[in-house]
Amino acid sequence: TVTVTTTPAGLATNVTYDGSASAPAAAGTYTVAAAITDSNYSGSASGTLTIGKATATVALGSLSQTYDGTTRAVTVITTPAGLATSVTYAGSTTPPTNAGSYAVGATITDSNYTGTANGTLTIAKASQTVNFTAPGSATVGVPLTLSASATSGLPVAFSVVSGSATIAGSTLTLTGAGSVTVRATQAGNDNYLVATAEQVTTAAGKLAQTIAFAPLS
């Protein structure tokens, strides 16, 4: 409410706010009119009542997250609680999905309060696992198909760690007798870390051969 002072002092008055006798509570601008109602005096005054927005605090949470293929939004807590806010991520209102760092800004949009907060959302790369099926025993010179998959769904590459063998794609061919250790690796990408290499040792058997004798005379 506004205060009204009269001269002479203490005269009865009637005050309206945008035409209403009820004083406003919400932030905004209101036209105020005051009129003396004393039976022996007359007089009036007008003015503008401005109610400014109150200052509220804004706190950002969940600023460190891990990629999981879904949008990763931050949490916003206001004091007073429950005030409406607008949040942007690197200028966009859509929360990001991919791993990386994003500038976050939160602004209160309540008509009676004002307040902002800024921070950085960091989405870390996700870990993954390579599942490598043991190829079993192999024979020198006989191609063997390898099988492995990554929990990320990304392609897996094979390599020979030790032993006598060659690899073409997912086909392992032993070139000599002995043990061969093969590694399956997923190299990762923008959203996944490199998978821990899985090793499998394969015991190699020699290729059978035959000896043919010429007829004895």
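Up top is the structure these notes are about.
What you are looking at is a predicted structure, and each value in this text was computed from that prediction instead of being measured. What you see as residue numbers is a count from 1 along each chain, following the sequence as written. Under the rules for a predicted model, residues below a pLDDT of 70 receive no local features and side-chain atom pairs below 80 are neither given nor counted, while totals for whole chains, interfaces and linings still include all residues. Only hydrogens and water are set aside; all other atoms, that is, all heavy atoms of the structure, feed into the side-chain values.

**Here's the deal with the overall build of the protein chain**
Then comes step 1: Helical segments are the DSSP runs of H or I of at least four residues, strand segments are the runs of E of at least two, and each set is numbered from the N terminus. In terms of regular secondary structure, the protein chain is built from zero helices and 20 strands.
Then comes step 2: For the protein chain, whose C-alpha radius of gyration is 39 Å, the value lies well above the compact-globule estimate of 17 Å for 217 residues.
Then comes step 3: Only protein chains enter the calculation, and the probe is 1.4 Å; a residue is then buried if its accessible area is under 20% of its type maximum, exposed if over 50%, and partly exposed in between. The 217 residues of the protein chain split such that 28% are buried.
Then comes step 4: Whether two residues touch is decided by their heavy atoms; if any such pair falls within 4.5 Å, the residues are in contact. Residue pairs at least 24 apart in sequence account for 48% of intrachain contacts in the protein chain once pairs closer than 6 positions are excluded.
Then comes step 5: Lys and Arg are tallied as positive, Asp and Glu as negative. Neither His nor the chain termini are counted. We put the charge of a Lys on NZ, of an Arg on CZ, of an Asp on CG and of a Glu on CD. Looking at the protein chain, you have 5 positive and 6 negative side-chain charges, and the mean spots of the two groups are 31 Å apart. Atoms considered for the radius of gyration are the C-alpha atoms alone. The globule rule reads 2.2 Å times the number of residues to the power 0.38.

**Here we look at unusual backbone geometry**
Then comes step 1: Cis peptide bonds are those with omega within 30 degrees of zero, and the linkage from T7 to P8 qualifies with 0°.
Then comes step 2: Tracing the chain through its elements places P8 in the segment before β1 (13-17).
Then comes step 3: Cis geometry is adopted by the peptide bond preceding P80, which originates at T79 and carries an omega value of 5°.
Then comes step 4: With respect to the secondary-structure elements, P80 resides in the loop between β7 (75-79) and β8 (85-89).
Then comes step 5: At S62, a position not held by glycine, the phi torsion is positive, near 55°.
Then comes step 6: Its place among the elements puts S62 in the loop between β5 (57-61) and β6 (64-66).

**Thoughts on the pairing of strand β17 (residues 165-168)**
Then comes step 1: Each pair of strands is called paired provided DSSP finds at least two bridges between the two strands. Judged from the four bridges that link them, β17 and strand β18 (residues 171-174) form a sheet pairing that is antiparallel. For A165, the partnering residue across the bridge sits in β18 and is L174.
Then comes step 2: Where β17 hands over to β18, the hairpin turn is made up of two residues, of which G169 adopts a positive phi near 65°.

**Some thoughts on the nonpolar core**
If you look at soluble globular proteins, the nonpolar side chains tend to sit buried side by side.
Then comes step 1: As used in this record, nonpolar core signifies buried Ala, Val, Leu, Ile, Met, Phe, Trp, Tyr and Cys residues forming a set joined through side-chain atoms within 4.5 Å. Counting 18 residues, the largest nonpolar core has L60, V74, V87, Y89, V104, L121 and I123 as the members making the most contacts within it.
Then comes step 2: For this core, the elements supplying multiple residues, two or more each, are β5, β8, β9 (100-108) and β11 (116-124).
Then comes step 3: With four residues, the single largest contributor to this core is β9.
Then comes step 4: Membership of the second largest hydrophobic core comes to 16 residues, among which are V130, F132, L144 and A150.

**Remarks on the environment of L83**
Then comes step 1: The topology assignment puts L83 in the loop between β7 and β8.
Then comes step 2: For L83 and Y113, which are 30 residues apart along the polypeptide, the C-alpha to C-alpha distance reads 8.1 Å.
Then comes step 3: The residues contacting L83, other than those within four sequence positions of it, are A56, T78, I108, D110 and Y113.

**Let's talk about the side chain of R72**
Then comes step 1: Inspection of the secondary structure puts R72 in the loop between β6 and β7.
Then comes step 2: In protein, a polar contact requires one atom able to donate a hydrogen and another able to accept it; more generally it is a pair of N or O atoms within 3.5 Å, and residues adjacent in sequence count only if both atoms are side-chain atoms. Here D68 takes part through its side chain, which lies 3.1 Å from a polar atom of the side chain of R72.
Then comes step 3: With sequence-adjacent residues up to four places away left out, R72 is seen in contact with Q65, T66, Y89, P95, P96, T97, L121 and I123.

**Some details on the sheet that holds β18**
Then comes step 1: Within the open sheet, the three strands sit side by side as β14-β18-β17. Their pairing is antiparallel. A strand with exactly one partner marks an edge of an open sheet, and here the two such strands are β14 (144-145) and β17.
Then comes step 2: Pairing analysis gives two bridges linking β14 to β18, with the strands arranged antiparallel. Each bridged residue has a counterpart across the sheet, and for T145 the counterpart in β18 is T171.

**What about the packing of aromatic side chains?**
Then comes step 1: Aromatic pairing here means that ring centres of Phe, Tyr or Trp (its six-membered ring) are within 6.5 Å. Orientation follows from the plane angle: under 30 degrees is stacked, over 60 is edge-to-face, and everything else is tilted. Under the definition given, this model contains two aromatic pairs.
Then comes step 2: Between Y67 and Y192 the ring centres are 5.5 Å apart and the planes differ by 80°, which places this aromatic pair in the edge-to-face class. Placement of the pair is Y67 in the loop between β6 and β7 and Y192 in the loop between β19 (178-185) and β20 (198-205), with a sequence separation of 125 residues. One exposure class covers both Y67 and Y192, and it is buried.
Then comes step 3: Taken together, a centroid distance of 5.5 Å and an interplanar angle of 55° make the contact between F132 and F158 tilted. Placement of the pair is F132 in strand β12 (residues 130-133) and F158 in strand β16 (residues 157-162), with a sequence separation of 26 residues.

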